[in-house]
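An overview of the molecular structure
Single-letter residue listing:
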Amino acid sequence: MIQSNFDFSIPQRQSLIGIFVLFANTLQKSIRALWPIILVFVFNNKEYKPFFIYLTIFGIVVLITIIAFLRYWFFKFYIDYQLEEFVIESGIFNKTKTTIPFHKIQKVTIDQSLIQRIFSVHKLELDTAGSDKKEASIKAISQQMAVELKRSLLENTKEKALLVPETELVERQDESFITISLPSLLKIGITSNYLISFIYLIGIFSTISENLKQIGKENLIDENINQLERLPIVSLLLGFLIFSFTAIIITNLVITVLKYFNFTIKKDGKSFVLTYGLLNIKNTIINPEKVQIIKITQNFFQKKLNINTIEIFQASSDMKRASVKDRTKIPGCNTTEKEQIVKLIINRLPAKEVTLYPNIRKLLIGILFFIILPVSIGIVINYTTNRFPVNAIGLMISLYSLIMGLILFISYKNYRLFISDEFIVQQSGAWDIDHKIIMPYKIQAIKTQQFFWQKLTNIGSIELYTAGGRISFSTANFEEIKEQVNKWLYQVEVSKENWM
Amino acid sequence: MQEFKNEIIDISTLPKFEDVKLQPLQKEYFKVMLIQRSVFYTIFLIPIIALFFIDTNDFFEGKLIYGLLFWFVLVLLNFFYLKLSFRKKGFALREHDVIFKSGVISETTTIVTNNRVQHVALHQGMLSRIFGLASIELFTAGGSASDLKINGLLFEDAKKIKESVSERIIEITEEAKEQSVTLETEHQSDYQVIPNENNEPDDTI
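It should be emphasised that the depicted structure is a prediction, and the values quoted were computed from it without experimental measurement.

Conventions we followed
- Residues numbered from 1 in each chain as written.
- Chains lettered and ligands numbered in written order.
- Predicted model: local features only at pLDDT ≥ 70, side-chain atom pairs only at ≥ 80, totals over all residues.
- Heavy atoms only, no water.
- Pairing = 2+ DSSP bridges.
- Helix = DSSP H or I, 4+ residues; strand = E, 2+ residues; numbered from the N terminus.
- Axes fitted to C-alpha atoms, helices over the stretch in contact; angles between N-to-C directions.
- UniProt positions renumbered as here; feature names shortened; annotations may be inferred.
- Phe/Tyr/Trp six-rings, centres within 6.5 Å; stacked < 30°, edge-to-face > 60°.
- Buried < 20%, exposed > 50% of the residue type's maximum accessible area, 1.4 Å probe, protein only.
- Lys NZ or Arg CZ within 6 Å of the ring centre and 35° of its normal.

1. Re the sheet that holds strand 6 (residues 136–141) of chain A
Residues and elements named next belong to chain A.
- The three strands lie next to each other as 4-5-6, forming an open sheet whose pairing is antiparallel. Each of the sheet's edge strands pairs with one partner strand only, and the pair in question is strand 4 (107–111) and strand 6. Averaged over all pairs of adjacent strands, the angle between their axes in this sheet comes to 15°, without regard to strand direction.
- By the bridge criterion, four bridges tie strand 5 (residues 122–127) to strand 6 in an arrangement that is antiparallel. Counted as the bridge partner of Leu126 is Ala136 from strand 6.

Rendered as structure tokens:
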């Protein structure tokens with residue numbers, strides 16, 4: 001054992017200079033939590049005395065300093081050699097004690113963000129497989145301490161012989177495998193997640209208006225709306241559409257770039273490590289053995305721009321239950337990168353030997369439930385209330401039927417199950433087309449389902465459960481399904497491969 | 001780790017799960033269900049009668065009979081459905097898996113293979129104990145939707161299933177252990193210390 005300058009068996013504190021890092025961290029968090037209120041105060045027309053402003057700022061700085069110091073003071077970490085655990089104690093009022101048994105430690109990373117670089121301190125993080133969330137992170141310690149802590153942790157973990165053997169003591173220069181470029185991220189930003197960003201925007205607007213109301217400024221919104229109402233309806237609608245569309249795209253771009261900036265994939269022995277983020281840098285370990293489902297998504301625009309989104313569903317490291325499943329998203333990779341990543345996880349690209357098609361009844365049932373039923377309810381309601389004239393309702397119905405019919409038809413056309421000896425791929429979707437890939441030996445349970453009236457037409461559905469979620473295929477030829485089920489059962493039962 | 005194999009699988013020669021003769025549940029289990037439902041519906045009857053007695057405005061005067069009739073039809077329909085669904089239920093134990101079929105309107109067949117079972121639970125309620133019945137639950141990593149529960153087994157049978165499946169689990173764990181010794185994988189399941197839920201130290205002030 002190498003002589004250590006630190007005794008990690010007694011509780012240690014971080015570097016004193018680390019208070020600055022904690023200060024910045026607390027400040028960032030406070031701003032994130034309170035930004036609507038700050039915004040309201042900045043744009044409030046009320047005149048404040050300069051003295052009052054300075055006093056407030058001074059007060060806030062003092063308060064955050066105190067919090068940062070207390071966080072520093074109560075944050076301790078040590079190694080419990082007897083129980084073979086790494087322990088972190090933290091919290092000012094709510095005490096938290098985090099214990100990580102050695103055998104769960106997969107990787108120890110030493111990192112430096114911008115602020116940490118300024119104060120020449122280091123961040124040490126412990127990773128356990130399959131988790132986006134850090135099990136433990138120490139924000140500010142000196143380089144010497146970080147290196148020695150890492151060494152003592154790894155030495156002990158290695159003694160347990162359970163650490164992934166590739167995680168070596170010596171820092172290997174990991175070579176970057178794939179890096180997602182900024183243009184790719186921008187492409188993803190403008191072509192995906194419209195709905196999520198829309199909801200996010202509504203959230204922002206409602207917080208702002210709520211805060212404006214609280215300080216009695218709601219008339220600010222009302223006045224603006226009143227002015228808008230004088231405009232003709234068509235230009236108002238058009239303006240609203242253009243405005244919301246640009247807002248959505250801008251939010252999308254900002255979120256995507258913030259979250260996935262400088263997305264790199266590094267191979268680390270058997271597993272690989274994803275690093276991404278502009279403000280908060282995230283590290284995620286993907287262990288191919290633990291991957292249960294790979295989902296590849298692409299829509300029409302993305303196809304034209306040659307970008308894909310890959311989502312990886314891993315089984316949780318500990319409980320082996322799907323309830324704690326973990327998803328990791330890889331945005332904006334082009335076709336070659338996509339193939340590289342897929343090969344990295346499952347060694348080869350899935351072949352399509354057998355294809356299951358849905359029965360035409362799937363389309364007909366869709367039309368019944370999403371077109372005929374709502375349209376007839378609409379007609380009946382309009383007939384009794386006379387809300388709209390006949391030609392208006394006719395136009396609405398034909399427009400709705402056309403759009404809905406198109407969506408149903410396209411998703412029916414895309415609905416496929418591709419089967420080969422080693423892979424099962426489910427394809428679905430109307431706009432965003434998903435491909436979900438699973439391997440038969442990772443199946444945990446199989447369910448087949450058939451309504452009694454489907455017996456005549458010999459159609460039925462199937463659900464395949466893995467430790468990271470399930471895939472299903474409905475309204476298909478039941479004979480073919482049963483045939484495949486028998487094959488999958490055979491494959492699962494003879495399989496000796498580790499499914500996680 | 002993954003050795004490449006590519007043998008041809010002849011689907012037509014594989015054993016067919018759909019042709020397996022399913023065993024019905026124990027007849028006694030239907031009695032257990034009947035007793036349970038009867039207790040439930042008797043309790044359900046109390047508010048109907050209470051409504052009649054508390055009624056001060058005589059609003060329900062002479063209408064008690066309709067309430068009781070409604071209750072009676074409901075009970076009859078439910079018992080009929082119960083009988084149907086009981087008849088539809090069946091299970092089969094094969095060498096490598098357990099099959100369970102159920103459902104009146106929608107027929108569902110669940111298949112769990114023995115080498116994917118995480119653990120087995122044997123339940124025995126008070127009523128079941130009187131009739132010598134038990135139920136068995138097979139848990140897999142596929143989540144609660146894929147867990148397989150078979151009610152109305154003879155206690156002896158349930159015990160046998162539990163033992164045979166447990167044996168298989170132990171076999172697999174041992175195989176995995178042997179593998180992990182040779183390959184030094186990080187997998188170990190009998191040692192569990194779960195870190196505190198709030199393990200992000202910077203979230204607590």
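2. Considerations on the UniProt feature "transmembrane region" (unreviewed entry) in chain B
Residues and elements named next belong to chain B.
- Under the UniProt annotation, "transmembrane region" (unreviewed entry) lies at residues 34–53 and 65–84.
- Across residues 34–53 one finds 100% helix and 0% strand; the C-alpha atoms that close the span lie 29 Å apart.
- For residues 65–84, the helix share is 100%, the strand share is 0%, and the end-to-end C-alpha distance is 28 Å.

3. Notes on the UniProt feature "transmembrane region" (unreviewed entry) in chain A
- Here the UniProt feature "transmembrane region" (unreviewed entry) sits at residues 16–39, 51–74, 232–261, 363–384 and 390–410 of chain A.
- The annotated region residues 51–74 of chain A carries 100% helix and 0% strand content, and the separation between its end C-alpha atoms amounts to 34 Å.

4. A look at the packing of aromatic side chains
- Throughout the structure, instances matching the rule amount to 19 aromatic pairs over all chains.
- Seen from their ring centres, Phe20 of chain A and Phe119 of chain A are 5.0 Å apart, and the 5° between their planes marks the pair as stacked. Here Phe119 of chain A lies in the loop between helix 3 (114–118) and strand 5 and Phe20 of chain A lies in helix 1 (residues 18–43), a separation of 99 residues in the sequence.
- In this structure Phe20 of chain A comes out as partly exposed when scored by relative accessible area, which is 46%.
- On the accessibility criterion, Phe119 of chain A (22% relative accessible area) is partly exposed.
- When the centroid spacing of 5.2 Å and the interplanar angle of 75° are considered together, the rings of Phe40 of chain B and Tyr41 of chain B count as edge-to-face.
- Ring-pair connections join several aromatic residues into one group, and the members of that group are Phe40, Tyr41, Phe44 and Phe79 of chain B.
- Note that Lys352 of chain A overlies the ring of Phe418 of chain A, its terminal NZ or CZ placed 4.4 Å from the centroid.
- Here the basic side chain of Lys83 of chain B rests over the ring of Phe30 of chain B, its NZ or CZ set 4.5 Å away from the ring centre.

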